[in-house]
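# Reading the structure
Okay, here's what each chain looks like letter by letter:
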Amino acid sequence: MPGREFPQHRSRMRQSAIVEELDWSKSKTSRVLSRMADEGDVEKLRIGRENVIDLAETE
């Protein structure tokens, strides 16, 4: 799953930084992150005009 490529050294990133780091389109990044949010792997936080992605806490 593409979500495994989310940088493990960070717990919170701007969605635009993920686009740049993974070299994905904005659309693909949004789709993958939305799916991950639906599955509870990440939280998408809307701050102003951008999304901030927060890794969900693992038990």
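Structural data are supplied above this passage.
Described below are features of the structure shown in this document. As a convention, each chain's residues are numbered from 1 in the sequence order in which they are written. Predicted model: local features are reported for residues with pLDDT of at least 70 only, side-chain atom pairs are reported and counted for 80 or more only, and whole-chain, interface and lining totals are derived from all residues. As a convention, hydrogens and water are excluded, and side-chain values are obtained from all of the structure's heavy atoms.

Below, the discussion takes up the overall build of the protein chain. For helices the rule is a DSSP run of H or I covering at least 4 residues; for strands it is a run of E covering at least 2, with both sets numbered from the N terminus onward. Counting secondary structure elements, the protein chain contains 2 helices and 3 strands. Counting from the amino terminus, the protein chain carries its helices and strands in the arrangement β-α-α-β-β. For every residue, the accessible area obtained with a 1.4 Å probe (protein chains only) is divided by the maximum for its type, and the residue is called buried under 20%, exposed over 50%, and partly exposed between those limits. Taking all 59 residues of the protein chain together, 32% fall into the buried category. Contacts: residue pairs with any heavy atoms within 4.5 Å of one another. Look at the contacts in the protein chain between residues 6 or more apart in sequence, and 39% of them connect residues 24 or more apart. Carbon and sulfur atoms form 43% of the exposed surface of the protein chain, whose accessible area is close to 4,300 Å². Only the protein chains shown count as cover for residues, with accessible areas throughout obtained via the Shrake-Rupley method and a probe of 1.4 Å.

Another aspect to go through is the pairing of strand 2 (residues 42–47). One requirement defines pairing of two strands: DSSP has to find at least two bridges between them. Sheet topology places strand 2 next to strand 3 (residues 50–55); 6 bridges connect them, and they run antiparallel. In the sheet register, Leu 45 faces strand 3, and the bridge partner there is Val 52. Here strand 2 folds back onto strand 3 in antiparallel fashion, the turn holding 2 residues, of which Gly 48 has a positive phi close to 65°.

Attention shifts here to the nonpolar core. Residues grouped as a nonpolar core are buried Ala, Val, Leu, Ile, Met, Phe, Trp, Tyr and Cys residues, joined through side-chain atoms within 4.5 Å. Counting 10 residues, the largest nonpolar core consists of Met 13, Ala 17, Ile 18, Leu 22, Trp 24, Val 32, Leu 33, Met 36, Val 42 and Ile 53. When contributions to this core are tallied by element, the ones reaching two or more residues are helix 1 (15–22) and helix 2 (26–38).

Relative to the assigned elements, Asn 51 resides in strand 3. Since its relative accessible area comes to 16%, Asn 51 is described here as buried. Any pair of nitrogen or oxygen atoms within 3.5 Å is treated as a polar contact; in protein, a donor-acceptor pairing is required on top of that, and neighbouring residues in sequence qualify only through side-chain atoms on both sides. Within the structure, the side chain of Asn 51 is placed 3.4 Å from the side chain of Arg 46, a separation counted as a polar contact. For Asn 51, the contacting residues outside a window of four places in its chain are Met 13, Arg 14, Gln 15, Lys 44, Leu 45 and Arg 46.

Right, let's get into helix 2. Along an α-helix, a turn takes 3.6 residues, which lines up residues three or four apart on a common side. Spanning 13 residues, helix 2 covers 18 Å between terminal C-alpha atoms, matching the ideal 18 Å at 1.5 Å per step. What helix 2 keeps buried is the set Thr 29, Val 32, Leu 33 and Met 36. One side of helix 2 carries all its buried residues, which in axial view fall inside an arc of 95°. Its buried side turned inward, helix 2 meets helix 1, strand 2 and strand 3. One or two residues past the end of helix 2 sits Gly 40, with phi positive at roughly 85°. One fewer than the residue count of a helix, multiplied by 1.5 Å, yields its expected span. Here the arc refers to the set of directions running from the helix axis out to each C-beta atom.

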